[in-house]
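In case you want the letters, here they are:
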Amino acid sequence: MPIWYGGDYNPEQWPRAVWDEDASLMRTAGVNLATVGVFSWSRLEPRDGEFDFEWLDVVLEKLHAAGVRADLATATASPPPWLTLKHPEILPVTASGVRLSTGSRQQYCPSSPLYRRYATRLVTALAERYGSHPALQMWHVNNEYGCHVSRCYCDVSAEAFRGWLRDKYGTVEGLNHAWGTAFWSQHYSSFDEVFPPRDAPTFKNPAQLLDFDRFGSHELLECFRAEAAVLRQVTPDIPLTTNFMGFFKPANYWEWAKELDFVSDDSYPDPADETAYLHSAMTRDLMRSLAGDKPWVLMEQATSAVNWRPQNAAKRPGQMRAWSYQAIAREARGIMYFQWRQSIAGAEQFHSGMLPHSGTDTRVWREVVEFGAELTALSGVLPSTVAAPPVEAAIVLDWESWWALEQPARPTRISYQGQLSAWYRAFTQAGLRVRFVHPGADLSGFRVVVAPTLFLATEASLDNLAGYARDGGTLIVTFQTGIVDENLRVRSGGYLGPLQRTLGLWIEEFTPLAGHPAALAGTVTSSSVTWSEVVRPAGATVESEFTDGPAAGGPAITSNGTAWYVAADLAADGKAALVETILGRLGLDLPRPAPGVERITSQADTYVINHNPLPYVVELDGTDLLTGKPARGLELPQYGVAIVRA
Ligand code: GLA
C-alpha cells in the first residue's frame with residue numbers, strides 16, 4: 001500500500017485549462033490521492049434533481065490518467081442555494097433563535113429529514129455513477145461534521161430531541177427523575193413541553209444540557225450513517241471515512257470511530273506556538289487510539305499559513321514535514337493537505353495550498369515536491385499494516401464527562417483538554433508511550449492509568465478503574481472525578497462512589513483556590529496548585545500535604561497500594577514529580593526524551609524528530625531510512641527527522 005499524499009482538490013474553482021496543469025504538477029509532486037468534490041454540491045446538482053456530472057467525469061479521467069486516485073467526497077457539506085431557498089427550514093437555528101443564512105457553508109440542521117433526504121439522493125447518484133470508476137479509492141463522507149454547526153435549536157430539532165428522549169426514557173416521569181426537574185419548577189407533564197436548551201434567563205437544567213450534547217453528537221452521526229448506508233449498499237468494497245478534528249468536543253469520537261473503515265483527521269496547530277508540536281503529538285496519539293491499531297490518514301493540514309487566526313503564521317522551512325512525520329510515526333499512512341491549489345477567490349483565498357498563488361518557484365512548492373518524493377521512496381519501506389508497540393500508559397478520555405465538566409455552575413472552571421494535555425506531557429516527558437482510552441476499556445495491559453477530572457462517571461466505569469487497581473494496576477485518580485453519575489446526579493457521602501474503597505478516602509468539601517494558588521510538601525512537591533479540597537483518609541497513606549490555603553495541612557496526594565489520589569490541580573513540576581515517584585515505585589527505568597525531541601518507536605523503526613532551535617545528535621544504532629546513513633551521530637537541525645531502523 002502506498003503512503004497517500006495529496007490534498008483537497010477543487011477543480012470547479014478553476015477554468016478547465018488549468019486541470020491539465022494540475023494533473024501534471026500532481027505527478028511532479030508525487031501526489032497519488034486527491035480529495036475531490038467536498039464543496040461541489042451546487043455544481044453537481046445545479047437545480048433540484050438535475051445532475052451535472054460531466055465536469056467530474058473529466059476531472060476523474062484526468063486524475064486517473066495521471067495515476068492519482070480519488071478520495072471522492074459525497075459533497076453534502078454545503079447545501080446549494082436552491083435547496084435552502086426552496087426549504088428554508090433546512091437552515092440551522094442557534095440557541096438564541098437566529099436562523100443562519102446561506103452564503104457560507106455547513107448551513108444545514110443535522111436533524112432535518114429534508115436535508116438528509118436530499119443529501120442521500122445526491123450520494124446515491126454519485127455512488128451509482130462512480131462506484132466502479134477505476135480512480136475511486138475511498139469515499140470522503142461529508143466534511144468535518146459539526147465544525148461550524150454542531151447543535152441546532154430549531155423546531156425540527158426540538159421534535160427530534162423529544163423523540164430521542166422518548167426512546168431513552170420511555171415515560172416523561174423517567175425524564176423528570178433523570179433531569180431532577182423538581183428543581184426550579186421544571187416538572188414536565190408531557191414530552192411536548194420539552195425543548196432544546198435554548199437561551200434562557202439563567203443557568204439551564206444540567207441534565208438537559210448533557211442530553212442535548214448526547215443527542216447533538218448522535219444526530220450528526222445519524223447524518224453520517226445515512227450517507228454511509230447508501231455507500232455500503234452500492235459500493236460495499238470501497239472504504240469510507242469522514243474527517244475528524246482532533247479533540248473536537250461536540251462529537252463523541254469513541255462512538256464515531258467504530259463506524260468508519262479507517263479514521264482520518266484534520267490538523268492545524270499554530271506554527272507560531274513553540275509548544276504546538278506537543279498538541280500535535282497528543283492529537284496524533286488520539287487518532288492512533290481511535291483507529292484501533294489500523295492505519296489512519298492525516299486528511300488535512302496546511303502547507304504553511306491558515307487564514308482563520310487573527311495572526312496567521314507561516315510554517316517555517318521543514319515544520320510541515322516534521323509535523324507530518326509526527327503522524328507517520330504514529331501509524332498514519334496518508335499525508336494530505338487542504339488544499340491542492342491555493343484559491344484566488346472565496347473565503348479561503350489566503351489559506352496556503354500545496355501549489356501557492358506565486359507558483360512553482362516557491363519554498364512551499366519545493367518542500368511539497370521534496371516531501372512527496374521522500375514519501376514515495378518510503379512507501380515500500382514502511383510497514384503498511386500496523387502492529388502497535390506495547391504502550392505503557394493510558395489516559396482516560398470521556399466525551400460525556402467533558403460535556404458535563406465544562407458546563408456552567410460547576411465548582412470551578414476547568415478545561416478538560418487542558419487536563420488531558422498536562423498529563424500527556426507529564427507522561428511523555430517521562431518516556432511513557434501513551435494511549436487514550438474510554439473509561440470502560442480493558443486496562444489490563446497498561447502499567448499506569450490516569451483518570452484526570454473524570455467528573456461524570458458511570459458506576460461501571462468506576463468499577464472498571466477500581467478493578468484495574470485491585471488487580472495491581474497503578475491508577476492515578478485526580479480531583480473532580482466520580483462526582484456525578486450519568487444523569488449528573490451527585491454521588492453523595494463523599495463522592496467517588498466505588499473508588500472510595502480503592503483510594504481509601506472520601507472527600508468532605510471542595511476548597512478551590514480561586515486566585516490564591518497553594519503549594520504542596522511531602523513525597524511530591526508542586527509549585528503552584530489552583531485546586532484544593534478537604535480529603536478524609538480512610539486507610540490511604542498521605543504522600544503530600546497542602547502547605548497553605550483552606551486545606552493547609554490536609555492531604556493533597558495519597559496512595560492506597562497502587563491507587564493514587566491527587567486532590568490538587570498540580571502544576572507541571574508537580575505532575576512530573578508524581579510520575580517520577582510512581583515510575584520509581586514501579587521500578588520502570590525508561591529512556592527519557594531530550595526536551596523538544598520526540599522519539600517514537602513504531603514496529604521496527606524509531607522516529608526521532610527535533611523541534612528545538614538547536615541541533616540534536618541522534619544516539620541510536622541503526623540506519624536512517626531517510627538518508628541511508630548510520631543513525632548514530634547524525635545531526636538533526638530544527639525540524640530534522642530521522643527514521644532509525646535497527
Ligand atoms: C477545514 C475544512 C477545509 C478548510 C480548512 C481550512 O479543515 O475541512 O475545508 O476549510 O479547514 O483550514
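First, a word on what this report is: a plain description of the structure on this page. Note that residues are indexed from 1 along each chain, following the sequence as it is written. With the structure being a predicted model, the display of local features is reserved for residues of pLDDT at least 70 and the display and counting of side-chain atom pairs for 80 or more, all residues being used for whole-chain, interface and lining totals. No hydrogens and no water enter the side-chain calculation; it runs on all heavy atoms of the structure.

Quick notes on the sheet that holds strand β2 (residues 33-36)
Here the rule is simple: two strands pair whenever DSSP picks up at least two bridges between them. Here a strand is any run of E in DSSP of at least two residues, a helix any run of H or I of at least four, and the numbering for each starts at the N terminus. If you walk across this open sheet you meet the nine strands as β5-β4-β3-β2-β1-β9-β8-β7-β6, and the pairing is parallel. Two strands bound the open sheet, and with one partner strand each, they are β5 (240-241) and β6 (243-244). In this sheet, strand β9 (residues 332-337) lies alongside strand β8 (residues 296-300) in parallel orientation, the contact comprising two bridges. Residue Trp 296 lies in a different strand from β9, and its bridge partner there is Ala 332. Its contacts with the sheet place helix α11 (residues 319-329) against β8 and β9, and it is angled at close to 145 degrees to β9. The contact rule is simple, with two residues in contact once any of their heavy atoms fall within 4.5 Å. The axes are straight lines fitted to the C-alpha atoms, using for helices just the contacting stretch, and the angles between their N-to-C directions are given from 0 to 180°.

What about the sheet that holds strand β11 (residues 434-437)?
Consider a sheet: its strands pair through backbone hydrogen bonds, and that pairing is either parallel or antiparallel. Sheet architecture is open: nine strands sit in the order β11-β10-β12-β13-β20-β19-β18-β15-β16, paired in mixed fashion. Across the chains shown, the open sheet's two edge strands, defined by having one partner strand only, are β11 and β16 (526-529). Neighbouring strand axes in the sheet, compared pairwise and without regard to direction, differ in orientation by 20 degrees on average. Of the strand pairs in this sheet, strand β10 (residues 393-396) and strand β12 (residues 448-451) are connected by three bridges, and their pairing is parallel. Residue pairing in the sheet places Ile 395 in a bridge with Val 450 of β12. Sitting on the sheet, helix α14 (residues 416-429) touches β10, β11, β12 and β13 (474-478), and the angle it makes with β10 is about 175 degrees. Packed on one face of the sheet, helix α15 (residues 459-470) meets β10, β12, β13 and β20 (563-566) and runs near 140 degrees to β13.

Digging into the layout of surface pockets
In this structure, the largest pocket occupies an estimated 700 Å³ of space. Here the lining of the largest pocket gets three residues from one element, more than from any other, and that element is helix α2 (residues 41-44). Amino acids are sorted into nonpolar (Ala, Val, Leu, Ile, Met, Phe, Trp, Tyr, Cys and Pro), charged (Asp, Glu, Lys and Arg) and polar (every other residue, Gly among them). Class assignment of the residues belonging to the lining of the largest pocket gives a composition of 10 nonpolar, 11 polar and four charged. Put plainly, a pocket is an open set of points on a 1 Å grid over the protein atoms alone with protein on both sides within 12 Å along at least five of seven lines, a cavity is a set where a 1.4 Å probe fits but cannot get out, and a lining residue has an atom within 4 Å of a point. Grid points are joined across faces, edges and corners, and a volume is the space filled by probe spheres set on the points. As a volume, the second largest pocket reaches approximately 570 Å³. Lining the second largest pocket are 27 residues, with Thr 428, Gly 431, Leu 432, Pro 593 and Arg 599 sitting closest to its centre. At the level of secondary structure, the elements contributing two or more residues to the lining of the second largest pocket comprise α10 (276-291), α14 and β21 (597-602). Looking at the lining of the second largest pocket, its residues break down into 14 nonpolar, six polar and seven charged.

Some words on the site of the ligand
Any residue with at least one heavy atom within 4 Å of a molecule or strand is counted as near it. In the region of the ligand, the neighbouring residues are Phe 39, Arg 105, Asn 143, Glu 144, Asp 266, Tyr 268, Glu 300, Trp 308, Phe 338, Glu 348 and His 351. The separation between an oxygen atom of the ligand and a polar side-chain atom of Trp 308 is 2.8 Å. The definition of a polar contact used here is a pair of N or O atoms within 3.5 Å, where within protein one atom must be able to donate a hydrogen and the other to accept one, and adjacent residues in sequence count solely through side-chain atom pairs. At 2.7 Å, a side-chain N or O of His 351 approaches an oxygen atom of the ligand. Residue burial considers only the protein chains on display, and all accessible areas are found by Shrake-Rupley using a 1.4 Å probe. Contact with the protein chains removes 96% of the 310 Å² of surface that the ligand exposes when unbound. Here the shell around the ligand is composed, by residue class, of four nonpolar, two polar and five charged.

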